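# Residue-level structural notes
Listed below, chain by chain, are the residues.
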Amino acid sequence: MEFLQLLHQRHSVRRYQPQPVPQELVSQILEAIRTVPTAGNFQAYQVYVVRGPERMQQLAAATFDHGWVAQAPLALVICTDAARCQYDGPEHWALQDASIATTIAHMAAASLGLGSCWVGAFVPQKLAEVIHAAEGYIPLALLTIGYADEQPQSMPRRDVAEFVHEVE
Ligand SMILES: Cc1cc2nc3c(=O)[nH]c(=O)nc-3n(C[C@H](O)[C@H](O)[C@H](O)COP(=O)(O)O)c2cc1C
């Protein structure tokens, strides 16, 4: 699908069919993450792949009332890894690196015919325990992924004129 068309057709998906996501598609999403631009090319992110009902249940328990997370067959937990960044204030850069990694994973999933949802409503420390995150890796986003079992409505957006400010 053409990229701009994909942007307009993508929605956050929160209901999934139970079937697993084929490893080939998981690999393509991880390869897509690999391509992202990062500050100084320090690639200050880490990604944990989570599968299976028990672990997904544990992920859901680390969120704020997002029980539906447990129904997803797969999730990525994208973490900042500030130690990789050699700029001053590395956390600032790592947040941006992990954010674009999450964005591209979300878009790659859509382009592969998968639904996904970026979940930020969790307790980072709890999530880090579930995934056994290494020291210094701080969860930024939980991305549930699977075959959609809903057709979400388009959410409203501001008109371009409402957020664009021409600098004279
Ligand atoms: C940084 C970020 C955090 C988000 N956190 C959550 C969340 O915790 N729970 C949730 O259900 N959706 C979450 N979302 C998804 C948004 O609710 C969703 O993108 C927004 O409502 C627009 O809907 P759409 O993605 O279908 O266009 C998050 C999205 C972003 C970018």
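Described below are features of the structure shown in this document. Starting from 1, residues in each chain are numbered consecutively following that chain's sequence as written. In view of the model being predicted, local features appear only for residues whose pLDDT reaches at least 70, and side-chain atom pairs are presented and counted only at 80 or more, with totals across whole chains, interfaces and linings using the full set of residues. Side-chain measures were taken over the full set of non-hydrogen atoms in the model, leaving aside hydrogen atoms and water.

Looking only at helices and strands, the protein features six helices and four strands. When the helices and strands of the protein are listed from N to C terminus, the series reads α-α-β-α-β-α-β-α-β-α. For a compact globule the rule gives 2.2 Å times the number of residues to the power 0.38, and the radius of gyration it is set against comes from C-alpha atoms. Taking 2.2 N^0.38 as the reference for a compact globule, 168 residues should give roughly 15 Å; the C-alpha atoms of the protein span a radius of gyration of 16 Å, in line with that estimate. Projected onto its principal axes, the C-alpha positions of the protein cover 50 × 40 × 30 Å. Buried means the residue's accessible area, taken with a 1.4 Å probe over protein chains only, is under 20% of the maximum for its type, while exposed means over 50%, and partly exposed covers the values in between. Relative to its 168 residues, the protein shows a buried fraction of 40%. Every residue pair with non-hydrogen atoms within 4.5 Å of one another is taken to be in contact. In the protein, once contacts between residues fewer than 6 apart in sequence are set aside, the share between residues at least 24 apart is 79%. Residue-level accessible areas treat just the shown protein chains as cover; the underlying method is Shrake-Rupley with a 1.4 Å probe. Summing over all exposed atoms, the protein offers an accessible surface of approximately 10000 Å²; the carbon and sulfur share of this is 53%. The protein carries 10 positive and 17 negative side-chain charges, and their two centres are separated by 7 Å. Secondary structure elements follow DSSP: runs of H or I of four or more residues count as helices, runs of E of two or more count as strands, with numbering from the N terminus. This count recognises Lys and Arg as positive and Asp and Glu as negative, with His and chain-terminal groups excluded. Every charge is mapped to an atom, namely NZ of Lys, CZ of Arg, CG of Asp or CD of Glu.

Turning our attention to the pattern of salt bridges. Salt bridges are defined by distance alone: a side-chain nitrogen of Lys or Arg within 4 Å of a carboxyl oxygen of Asp or Glu. Summed over all chains, the structure comprises one salt bridge. Arginine 34 serves as the salt-bridge partner of glutamate 31, at 3.1 Å between the closest nitrogen and oxygen. Pair noted here: glutamate 31 and arginine 34 are both in helix α2 (residues 23-34), with a separation of three residues, about one helical turn. The class for glutamate 31 is partly exposed, based on a relative accessible area of 44%.

Ranked by internal contacts, the top residues of the largest apolar core, which has 22 residues, are Val21, Ile29, Leu76, Leu114 and Ile145. Those residues in contact with valine 21 that sit more than four places away from it in its chain are Val26, Pro73, Leu74, Leu114, Ile145 and Gly146. Here the nonpolar core consists of buried residues drawn from Ala, Val, Leu, Ile, Met, Phe, Trp, Tyr and Cys, with membership extended through side-chain atoms lying within 4.5 Å. In this structure, Val69, Cys79, Cys117 and Val119 belong to the second largest nonpolar core, which totals 21 residues.

With respect to the element layout, alanine 101 can be found in helix α4 (residues 90-111). Expressed as a C-alpha distance, the spacing of alanine 101 and valine 47, which sit 54 residues apart in the sequence, is 8.9 Å.

Moving on: the pairing of strand β4 (residues 137-146). Burial within β4 is extensive, with eight of its ten residues counted as buried. Strands are labelled as partners when DSSP assigns at least two bridges between them. Two elements, strand β2 (residues 74-81) and β4, share eight bridges in a ladder whose sense is antiparallel. Counterpart to aspartate 81 in the pairing with β4 is tyrosine 137. Strand direction decides the pairing type here: strand β3 (residues 115-119) and β4, joined by five bridges, are antiparallel. Bridge pairing links glycine 115 to glycine 146 in β4.

Time to look at the sheet that holds β4. Read across the sheet, four strands follow the order β1-β2-β4-β3 without closing on themselves; strand pairing throughout is antiparallel. The two strands at the open ends of the sheet, each matched to only one other strand, are β1 (45-51) and β3. On average, each strand axis in the sheet is inclined to that of its neighbour by 25 degrees, with strand direction left out of account. Sheet strands in contact with helix α3 (residues 53-61) are β1, β2 and β4, and its direction is about 125 degrees off that of β1. Here an axis means a line fitted to C-alpha atoms, over the contact stretch when the element is a helix, while the angle between two N-to-C directions is reported on a 0 to 180 degree scale.

What follows deals with the packing of α2 against α4. It is the contact of α2 with α4, at a shortest axis distance of 9 Å, that shows an interaxial angle of 140 degrees. If you check the angle between α2 and α4, you find them oblique. By crossing handedness, the relation of α2 to α4 is classed as right-handed. Of the residues in α4, those touching α2 at Ile29, Ala32 and Ile33 are Ala101, Ile104, Ala105, Ala108 and Ala109. Throughout this entry, Asp, Glu, Lys and Arg are counted as charged residues, while Ala, Val, Leu, Ile, Met, Phe, Trp, Tyr, Cys and Pro are counted as nonpolar. The remaining residues, Gly among them, count as polar. Grouping the amino acids of the contact of α2 with α4 by side-chain chemistry returns eight nonpolar, no polar and no charged. Orientation categories follow fixed angle ranges, with anything under 35 degrees roughly parallel, anything over 145 roughly antiparallel, 65 to 115 roughly perpendicular, and all other angles oblique. When the near helix sits turned anticlockwise from the far one by under a right angle, the crossing is termed left-handed; a clockwise turn instead gives a right-handed crossing.

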